[in-house]
Amino acid sequence: MHGFESGSLDIADIYKKTFGYEVKPTEIISVEDILNVPISGLDIIDAEEYPLLADTLIQTLVYYHIRMKVEYELVDIFNIPHPNGQILMLTDIIQKAFKPVAGATQEQKDKARNNRVFFTSRKTLLNEFNHFEGNMNIFQPAIDITETMLQKEVDDIERKLTQLRTEYAIVH
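Residues numbered from 1 in each chain as written. Predicted model: local features only at pLDDT ≥ 70, side-chain atom pairs only at ≥ 80, totals over all residues. Heavy atoms only, no water.

Attention now goes to the packing of aromatic side chains. One pair of aromatic rings is described through two measures. These are the centre distance and the angle between the planes. For the structure shown, the criterion picks out four aromatic pairs. Taken together, a centroid distance of 5.3 Å and an interplanar angle of 70° make the contact between Phe78 and Phe98 edge-to-face. Of this pair, Phe78 sits in the loop between α3 (51-77) and α4 (90-97) while Phe98 sits in the loop between α4 and α5 (106-120), and the two are 20 residues apart along the sequence. One aromatic cluster is present, formed by Phe78, Phe98, Phe118, Phe119 and Tyr168 through successive ring pairs. One Lys or Arg, Arg122, reaches over the ring of Phe118 and ends 4.2 Å from the middle of that ring. A cation over a ring is seen here: Lys160 above Phe118, with NZ or CZ 5.2 Å from the ring centre. (Phe/Tyr/Trp six-rings, centres within 6.5 Å; stacked < 30°, edge-to-face > 60°. Helix = DSSP H or I, 4+ residues; strand = E, 2+ residues; numbered from the N terminus. Lys NZ or Arg CZ within 6 Å of the ring centre and 35° of its normal.)

In this section: the confidence of the model for the protein. When pLDDT is averaged across the protein, the result is 81; 85% of the residues are at 70 or more. Within the protein, the lowest mean pLDDT, 45, falls on strand β3 (residues 131-133), and the highest, 94, falls on α5. Here residues 128-133 is a poorly scored stretch, pLDDT under 50, and it has 24 contacts once near neighbours within four places are set aside; other chains count. (pLDDT = per-residue confidence, 0-100. Contact = heavy atoms within 4.5 Å.)

Grouped together as the largest cluster of nonpolar side chains are 26 residues, with contacts concentrated most on Val70, Leu74, Ile93, Phe98, Phe119, Leu125 and Ile157. Of all the elements in the fold, those that place two or more residues in this core are α3, α4, α5 and α6 (147-171). Of all the elements, α3 adds the most residues to this core, at seven residues. Ile93 has contacts with Phe4, Glu71, Leu74, Val75, Ile80 and Leu88, leaving out every residue within four places of it along the chain. (Core = buried A, V, L, I, M, F, W, Y, C linked by side-chain atoms within 4.5 Å. Buried < 20%, exposed > 50% of the residue type's maximum accessible area, 1.4 Å probe, protein only.)

Attention shifts here to a negative patch on the surface. A grouping of Asp43, Asp46, Glu48 and Glu49 is seen on the molecular surface, where their side chains present a negatively charged patch. Classification of Asp46 as partly exposed rests on a relative accessible area of 39%. (Patch = residues over 30% accessible without salt bridge, like charges linked within 9 Å, V, L, I, M, F, W, Y side chains within 5 Å. Areas by Shrake-Rupley, 256 points an atom, 1.4 Å probe, with all protein chains shown as cover. Salt bridge = Lys/Arg side-chain N within 4 Å of Asp/Glu carboxyl O. Lys, Arg positive; Asp, Glu negative; His and termini not counted. Charge placed at Lys NZ, Arg CZ, Asp CG, Glu CD.)

Interhelical geometry of α3 versus α4 gives an angle of 35° and a closest axis separation of 10 Å. Note that α3 runs across α4; the crossing there is left-handed. Of α4, the residues touching α3 (which contributes Arg67, Val70, Glu71, Leu74 and Val75) are Leu90, Ile93, Ile94 and Ala97. Of the residues belonging to the contact of α3 with α4, the class tally is seven nonpolar, no polar and two charged. (Axes fitted to C-alpha atoms, helices over the stretch in contact; angles between N-to-C directions. Left-handed = near helix turned anticlockwise from the far one by under 90°. Nonpolar A, V, L, I, M, F, W, Y, C, P; charged D, E, K, R; others polar.)

A complete count under the given rule lists seven salt bridges for this structure. One salt bridge in this structure joins Asp76 and Arg165, with 2.8 Å as the shortest N-O distance. Residue Asp76 is located in helix α3, and its partner Arg165 is located in helix α6; the two are separated by 89 residues in the primary sequence. Judged by its relative accessible area of 40%, Asp76 is partly exposed.

Time to look at α4. If you check which residues of α4 are buried, you get Leu90, Ile93, Ile94 and Ala97. Mapping the buried residues of α4 onto a view down its axis gives an arc of 95°, with all of them on the same face. Among the structural elements, α3 and α5 are those in contact with the buried residues of α4. (Arc of directions from axis to C-beta.)

To continue, consider unusual backbone geometry. Non-glycine residue Asn79 carries a positive phi angle of around 50°. Residue position: Asn79 is located in the loop between α3 and α4. According to the relative accessible area criterion, Asn79 is exposed, its value standing at 62%.

Have a look at this one:
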């Protein structure tokens, strides 16, 4: 699922396929659910007993939330088309959102480049889910980021999105 989509997913079905037994009832999670999840103060599993798993689950949810939020906001702010069935990756969205228009001034080009760099350099928006471990790729967040730094990055991204939305509303 991506932030600019409106899909949903039955996570109980995924649990059954992954672990081999059924969980009742069906649990449908939508893009909107992920975009609206409050990401501060998450407490998913006992962090005292399972510290690494707790950090991994929290960071995975925070990374997924912020990535979807950036996708949603940039597609919405910059009116980026996304036809059904077309794969639109975050890097594509960033490139389209911050591509200088023909005849742009050097200042406008620099501003677009700075915005591209901002979003493509965020630890939470990189391919943090594709860590190479030995001879296999695994789904794992970059757990080397502290909770404080993770929150700072989320706050920075949210401020930037708010700034862009305000700026875009004024310009257009």
